[in-house]
Amino acid sequence: NYHVVLAENRKLYNEVQDLKGNIRVYCRIRPFLPGQNQNHSTIEFAGEDGELIVSNPLKQGKDSRKLFKFNKVFGQAASQEEVFRDTQPLIRSVLDGYNVCIFAYGQTGAGKTYTMQIKYCFLDLHTLGIWNTTQPNGLAVPDASMHSVNSMTDVLELMNIGMTNRATSATALNERSSRSHSVLSIHVRGTDLKTNTLLRGCLHLVDLAGSERVDRSEATGDRLKEAQHINKSLSALGDVIFALAQKSSHVPYRNSKLTQLLQSSLGGQAKTLMFVQLNPDVASYSETISTLKFAERVSGVELGAARSNKEGKDVRELMEQLSSLKDAITRKD
Ligand code: ADP
Ligand code: MG
């Protein structure tokens, strides 16, 4: 029946994801906001196959166009629903006992928080009827707290408290700049009814602080110290990911609170998705390029399979099965 097909679909999706390696990078370009000059877009082309061409419209030249390729690119017209539809299977794999980490990376104002508004994903989990969270031991972060939730309303209330606690301050960037990382972790525990085994999964939703360089925000004093600290933890995150990529014997998790917290969700068993957020405005061109360079290094990473694929199927075979299951679902709708 429908639910069996759905479960089967999800299982296959996980296997496909396993085979692809476990770090994905999605790029999202936010639309121009009212009052921004739309003629000066740095995004020349954004294709569904993950290709992106960036150029500076004020400096035309032979070498001014830069091509990037990611797992996916969401253009300015992409709706929240579209983005969530692509993300939901990954989020659902938490229910199968995976650890999943979703990051939003990019300069202030590029749409990180907008993309991380995850209530639609929760609604989807809710309709699956899985809502009992328990309090695992070993919370690593001072000032963090853990709460049981029973409903969507509980989650939204907690998120509002988190938002209020989050430090923000106005900077010369003319926006309310986020000077802090925000991490929402959801621990899920469930039982596989077929085999009666206990499954534990964890989802981290990480809205990173703005990646812009310190000098642009013209910060001084405490603001400057804070900005340098943020840059340090962002580069610590980069260092961890690159160390994992190179299968280095030492992964420097301990260099920042952020990477310590996420340690169990950044290693071999976990799945990671990074949203690279871009502001298409020409004024952001140099930040856009440095954001994309960071992302390019991250996306070059293949950590290998998150879990071994017991049946040894190849990707194409799995993709074929997946699409025939999708057809089966469509026919039932
Ligand atoms: P950040 O968290 O990276 O600093 P925000 O998510 O706050 O950026 O986005 C900056 C502004 O742009 C906000 O007003 C937000 O509502 C708007 N915005 C961002 N992304 C989109 C989008 N895809 N569609 C419409 N508006 C967006
Ligand atoms: Mg934000």
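Remember, it's a predicted structure, so these values are computed and weren't measured experimentally. (Residues numbered from 1 in each chain as written. Chains lettered and ligands numbered in written order. Predicted model: local features only at pLDDT ≥ 70, side-chain atom pairs only at ≥ 80, totals over all residues. Heavy atoms only, no water.)

Note on placement: Thr 259 falls in helix H7 (residues 257-261). Residue class for Thr 259 comes out buried when judged on its relative accessible area of 0%. Side chain to side chain, Thr 259 and Ser 256 meet in a polar contact 2.8 Å long. Discounting chain neighbours no more than four positions away, the residues touching Thr 259 are Ala 236, Leu 237, Val 240, Pro 252 and Tyr 253. (Helix = DSSP H or I, 4+ residues; strand = E, 2+ residues; numbered from the N terminus. Buried < 20%, exposed > 50% of the residue type's maximum accessible area, 1.4 Å probe, protein only. Polar contact = N/O pair within 3.5 Å; in protein donor to acceptor, adjacent residues only side chain to side chain. Contact = heavy atoms within 4.5 Å.)

Below, the discussion takes up the packing of aromatic side chains. In this structure the tally under the stated criterion is 4 aromatic pairs. When the centroid spacing of 6.4 Å and the interplanar angle of 5 degrees are considered together, the rings of Phe 68 and Phe 70 count as stacked. The exposure classification of Phe 68 matches that of Phe 70, with both residues buried. Joined through ring pairs, the aromatic side chains of Tyr 26, Phe 74 and Phe 275 make up one cluster. Over the ring of Tyr 98 we find Lys 271, and its NZ or CZ is 4.1 Å from the ring centre. (Phe/Tyr/Trp six-rings, centres within 6.5 Å; stacked < 30°, edge-to-face > 60°. Lys NZ or Arg CZ within 6 Å of the ring centre and 35° of its normal.)

Attention now goes to the site of ligand 1. In the vicinity of ligand 1, the contacting residues are Arg 28, Arg 30, Pro 31, Leu 33, Gln 107, Thr 108, Gly 109, Ala 110, Gly 111, Lys 112, Thr 113 and Tyr 114. Contacts to ligand 1 include Gly 109, whose backbone N or O atom sits 2.7 Å from an oxygen atom. Relative to its unbound accessible surface of 560 Å², ligand 1 loses 73% to contact with the protein. Counting residues per element, the shell around ligand 1 draws most heavily on helix H3 (residues 112-115), which supplies 3 residues. (Near = heavy atom within 4 Å. Areas by Shrake-Rupley, 256 points an atom, 1.4 Å probe, with all protein chains shown as cover.)

Our focus in this paragraph is the pairing of strand S6 (residues 99-105). Counting buried residues in S6 gives 6 out of 7 residues, a clear majority hidden from the surface. In this sheet, strand S10 (residues 197-207) lies alongside S6 in parallel orientation, the contact comprising 6 bridges. Within S10, the residue paired with Asn 99 across the bridge is Cys 202. With 6 bridges connecting them, S6 and strand S11 (residues 271-278) associate as parallel partners. Looking across to S11, one finds that Phe 103 is bridged to Met 274. (Pairing = 2+ DSSP bridges.)

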